[in-house]
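A closer look at the structure
What follows is the residue order along each chain.
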Amino acid sequence: MAKVITGFHSIEEKVRAIIKSQNSNGVTISYSKPGPRVKKILAAAKEANIKVQEVDNKTLDSMVADLDEALQDHRGIVMTLSGESKQTANIVNFDDWIKTAPKKASVLVLDKVTDPHNVGAIIRSCDQFGASLVVLPEHNSANDIEGNEVIGRTSAGASAWVPVAIVNNLVRAVEELKEAGFWIYGADAGGQTLGTIDFPEKTCIIMGSEGSGISQLLEKKCDSIVSIPTCGKIDSLNVSVAAGVLLYELYRRQN
């Protein structure tokens, strides 16, 4: 079954990724409204040798009928991918990545973050603040980076670029990061205040779910717990907002 992508940002970023990979096999863009934004996408699609076809709105409606309601607003353009083209180049093997990790790197580990809107927003921040890798568990996680269009749209297309590794054991992955020289920081209330931490060149930050936080096994692997000082009436930030704050501060310190 073909993968269906909607949303200007998601389609544009996928086209850019295809230009970079030079593999447009199985990719088709269907459009009905050649407005300025669509024309820009079609011009890039031509450069990428992507098949383009003009159809009516009824055809586009049928193509997105099985998507979540929020993703059915195609705005006159839809991308479909089938076969090998569905494989995203930024989905990496964790063991291979860690063998060649750069001297200065930032890794974000997401523990039981199950809302695809949060995962998408976090990946968007990872792109903006130069995170080297996002690590997601196989289970209890919104980890369908290739097939979940909520993640693609919420990330504004960044899910086509930010390196992501999906592992079957987060604890073991964190142990491997420590063995490779990374310092591990868990994000949680009551920890060391963010402004007092001197982040090393190899830093890993673990974000837990809003409900249960970081698991005890992962917390035991942390070198330190870091917290964001706030002054609001409620007791915590949304996990995607907290991740954005931490990633910005890490980016600012390392650059």
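Below is a summary of the structure that appears in this document. (Residues numbered from 1 in each chain as written. Predicted model: local features only at pLDDT ≥ 70, side-chain atom pairs only at ≥ 80, totals over all residues. Heavy atoms only, no water.)

Moving on, we come to the packing of helix H5 (residues 116-128) against helix H9 (residues 239-254). The N-to-C vectors of H5 and H9 enclose an angle of 10°; their axes lie 8 Å apart at closest approach. For the element pair H5 / H9, the angle class is roughly parallel. For the pair H5 and H9, contact is made by Asn118, Ala121, Ile122, Ser125 and Cys126 and by Val239, Ser240, Ala243, Gly244 and Leu247, respectively. Counted by class, the contact of H5 with H9 contains six nonpolar, four polar and no charged residues. (Axes fitted to C-alpha atoms, helices over the stretch in contact; angles between N-to-C directions. Helix = DSSP H or I, 4+ residues; strand = E, 2+ residues; numbered from the N terminus. Parallel < 35°, antiparallel > 145°, perpendicular 65-115°, else oblique. Contact = heavy atoms within 4.5 Å. Nonpolar A, V, L, I, M, F, W, Y, C, P; charged D, E, K, R; others polar.)

The next thing to look at is helix H2 (residues 36-47). Since the α-helix turns once every 3.6 residues, residues separated by three or four places project in the same direction. With twelve residues, H2 extends 17 Å from end C-alpha to end C-alpha; this agrees with the ideal 16 Å at 1.5 Å per step. For H2, the set of buried residues is Val38, Ile41, Leu42 and Ala45. Within H2, the buried residues cover an arc of 100° as seen down the axis, which keeps them to one side. Those residues of H2 that are exposed and angled more than 90 degrees off the buried face are Pro36, Lys39, Lys40, Ala43, Lys46 and Glu47. The secondary structure elements touched by the buried residues of H2 are helix H1 (8-21), strand E2 (27-31), strand E3 (51-54) and strand E4 (77-81). Asn49 occupies a position one or two residues after H2 and carries a positive phi of about 60°. (Expected span 1.5 Å × (residues − 1). Buried < 20%, exposed > 50% of the residue type's maximum accessible area, 1.4 Å probe, protein only. Arc of directions from axis to C-beta.)

We now examine the pattern of salt bridges. Pairing between side chains becomes possible if they bear opposite charge and their charged atoms approach one another. In this structure the tally under the stated criterion is nine salt bridges. Salt-bridge contacts for Asp111 lead to Lys112; the nearest nitrogen and oxygen are separated by 3.0 Å. Residue classification places Lys112 among the partly exposed residues on the basis of a relative accessible area of 25%. Its salt-bridge partner being Arg172, residue Glu176 comes within 3.7 Å of it at the nearest N-O pair. Here the residue Glu176 and the residue Arg172 both occupy positions in helix H7 (residues 170-179), the gap between them amounting to four residues, near one helical turn. (Salt bridge = Lys/Arg side-chain N within 4 Å of Asp/Glu carboxyl O.)

With 30 residues, the main nonpolar core has Leu108, Leu110, Val119, Cys126 and Met207 as its most contacted residues. Listing elements by their share of this core, those giving two or more residues are strand E5 (105-111), H5, strand E6 (133-137), strand E8 (183-193), strand E9 (202-208) and H9. Broken down by element, the residue count for this core peaks at six residues, all from H9. When sequence neighbours within four positions are dropped, the list of residues in contact with Cys126 reads Leu108, Ala131, Val134, Val162 and Leu247. Judged by nonpolar contacts, the second largest core, of 23 residues, contains Val135, Val167, Ile184 and Ile206. (Core = buried A, V, L, I, M, F, W, Y, C linked by side-chain atoms within 4.5 Å.)

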